Amino acid sequence: MPSASYFSEGLFTFLRDLEANNDRDWFKANKARYEELLRAPALELIEQFGPHLQKLSPHFVADPRPVGGSLFRIHRDTRFAKDKRPYKTSVGIHFRHEVAKDAHAPGYYIHISPEQSFVALGLWMPETAVARKIREAIVDDPSGYRKAITNKRFTETLALGGDKLKRPPRGVDADHPLVEELKRKSFMASTYITRKTVKSPDFVRTVTGAFRAGTPLMKFLCKAVDVPF
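As the structure is a prediction and not an experimental result, all values here were calculated from the model.

### Considerations on the overall build of the protein
Moving on, step 1. The secondary structure content of the protein amounts to 10 helices and 5 strands.
Moving on, step 2. Since a compact globule built from 229 residues should have a radius of gyration of about 17 Å, the 19 Å found for the protein is in line with a globular shape.
Moving on, step 3. Viewed in the frame of its principal axes, the protein has a C-alpha envelope of about 60 × 45 × 30 Å.
Moving on, step 4. Pairs at least 24 apart in sequence give 65% of the contacts found in the protein among residues at least 6 apart.
Moving on, step 5. A total accessible area of about 12,400 Å² is found for the protein, and carbon and sulfur atoms account for 50% of it.
Moving on, step 6. The average position of the 38 basic charges and that of the 27 acidic charges among the side chains of the protein differ by 1 Å.

### Points about the pairing of strand 5 (residues 187-193)
Moving on, step 1. Most of strand 5 is tucked away: 5 of the 7 residues are buried.
Moving on, step 2. As paired elements, strand 3 (residues 117-123) and strand 5 share 7 bridges and run antiparallel to each other. Opposite Gly 122, over in strand 5, you have Met 188 as the bridge partner.

### Quick notes on the side chain of Ser 57
Moving on, step 1. Residue placement: Ser 57 occurs in the loop between helix 3 (31-56) and strand 1 (91-95).
Moving on, step 2. Here Ser 57 falls in the buried class, since its relative accessible area comes to 1%.

### So, the nonpolar core
Moving on, step 1. Phe 95, Ile 110 and Phe 211 are the most contacted members of the largest nonpolar core, which totals 65 residues.
Moving on, step 2. A per-element tally of this core places helix 3 first, with 10 residues.
Moving on, step 3. Residues contacting Phe 211, with those up to four places away along its chain left out, are Phe 49, Leu 56, Phe 95, Tyr 108, Tyr 109, Ile 110, Val 119, Ala 120 and Leu 121.

### Observations concerning the packing of helix 3 against helix 9 (residues 203-213)
Moving on, step 1. In contact at an axis separation of 11 Å, helix 3 and helix 9 are set at 35° when each is read in the N-to-C sense. For helix 3 against helix 9, the interelement crossing comes out right-handed. For the pair helix 3 and helix 9, the contacting residues are Leu 45, Phe 49, His 52 and Leu 56 in the first and Phe 203, Val 204, Val 207, Thr 208, Phe 211 and Arg 212 in the second.

### What to know about the pattern of salt bridges
Moving on, step 1. Considering all chains together, one arrives at 16 salt bridges under this definition.
Moving on, step 2. Notably, a salt bridge pairs Glu 181 with Arg 184, separated by 2.9 Å at the nearest N-O pair.
Moving on, step 3. Look at Glu 181 and you get buried, because its relative accessible area is 13%.
Moving on, step 4. Classification of Arg 184 as buried rests on a relative accessible area of 8%.
Moving on, step 5. Residues Asp 202 and Arg 205 are paired through a salt bridge, measuring 2.5 Å at the closest nitrogen-oxygen approach.
Moving on, step 6. For Asp 202, a relative accessible area of 38% translates into the label partly exposed.
Moving on, step 7. Because the salt bridges share partners, they merge into one network encompassing Glu 9, Arg 195 and Lys 199.

### With respect to the environment of Phe 80
Moving on, step 1. Of note, Phe 80 is situated in the loop between helix 3 and strand 1.
Moving on, step 2. Separated by 64 residues in sequence, Phe 80 and Arg 16 have C-alpha atoms that sit 25 Å apart.

### Details of the sheet that holds strand 4 (residues 159-161)
Moving on, step 1. The 5 strands are arranged 1-2-3-5-4 in an open sheet whose pairing can be described as antiparallel. Since the sheet does not close on itself, it has two edges, and those belong to strand 1 and strand 4, each with one partner. Taking each pair of neighbouring strands and ignoring which way they run, the sheet shows an average axis angle of 25°.
Moving on, step 2. Strands strand 1, strand 2 (107-112) and strand 3 of the sheet are contacted by helix 1 (residues 9-20), whose axis makes an angle of about 80° with strand 2.

Reading the values: the criteria
Residues numbered from 1 in each chain as written. Predicted model: local features only at pLDDT ≥ 70, side-chain atom pairs only at ≥ 80, totals over all residues. Heavy atoms only, no water. Helix = DSSP H or I, 4+ residues; strand = E, 2+ residues; numbered from the N terminus. Rg over C-alpha atoms; globule rule 2.2 N^0.38 Å. Contact = heavy atoms within 4.5 Å. Areas by Shrake-Rupley, 256 points an atom, 1.4 Å probe, with all protein chains shown as cover. Lys, Arg positive; Asp, Glu negative; His and termini not counted. Charge placed at Lys NZ, Arg CZ, Asp CG, Glu CD. Buried < 20%, exposed > 50% of the residue type's maximum accessible area, 1.4 Å probe, protein only. Pairing = 2+ DSSP bridges. Core = buried A, V, L, I, M, F, W, Y, C linked by side-chain atoms within 4.5 Å. Axes fitted to C-alpha atoms, helices over the stretch in contact; angles between N-to-C directions. Left-handed = near helix turned anticlockwise from the far one by under 90°. Salt bridge = Lys/Arg side-chain N within 4 Å of Asp/Glu carboxyl O.

Here is the structure:
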């Protein structure tokens, strides 16, 4: 564990300033702040998190490449968006499954912003065929799914969230004991983290603990979509 923090209060100040000045000229003039306060510490975090991730599962990747790695690019894709602001005002780090380029697989995620920071794991808005596989796995092994989301470590650390279908999915009885779980559009668990936690030297330990608490759910989801954990 590092003796110093990865992120400082300066990161949050930079993100606030970017939100107030979200244009290319301002960003160009403040690019050194972006490099120093966001990009460099985020890439260092990703590189040093690799061994911790491998202990959780050898099938997830901490990729510290500046482009195309675990750090989400700060540039927004505005081609088809009404919101034409060019930059994101948050930090996104995604530890993808090794087969993620070829299959829709669960992953781990860190989100940092002045408004709200959190860590999450699972599958966000999987495509229809993938969601069907997960629901079928829940129906086939309801006990295993219950254990994954109701064990003490999970419930003390994480919470399931996201939108749900208004009605049970096709083929699911409205009286099914897990109908509310089967109506989920996303199969993700998360926990909020404070700004103090983000700036703490114990940040990696906190993130690792949250990810570890979700291991039973991640194992269940990986099995459901036919990828190794």
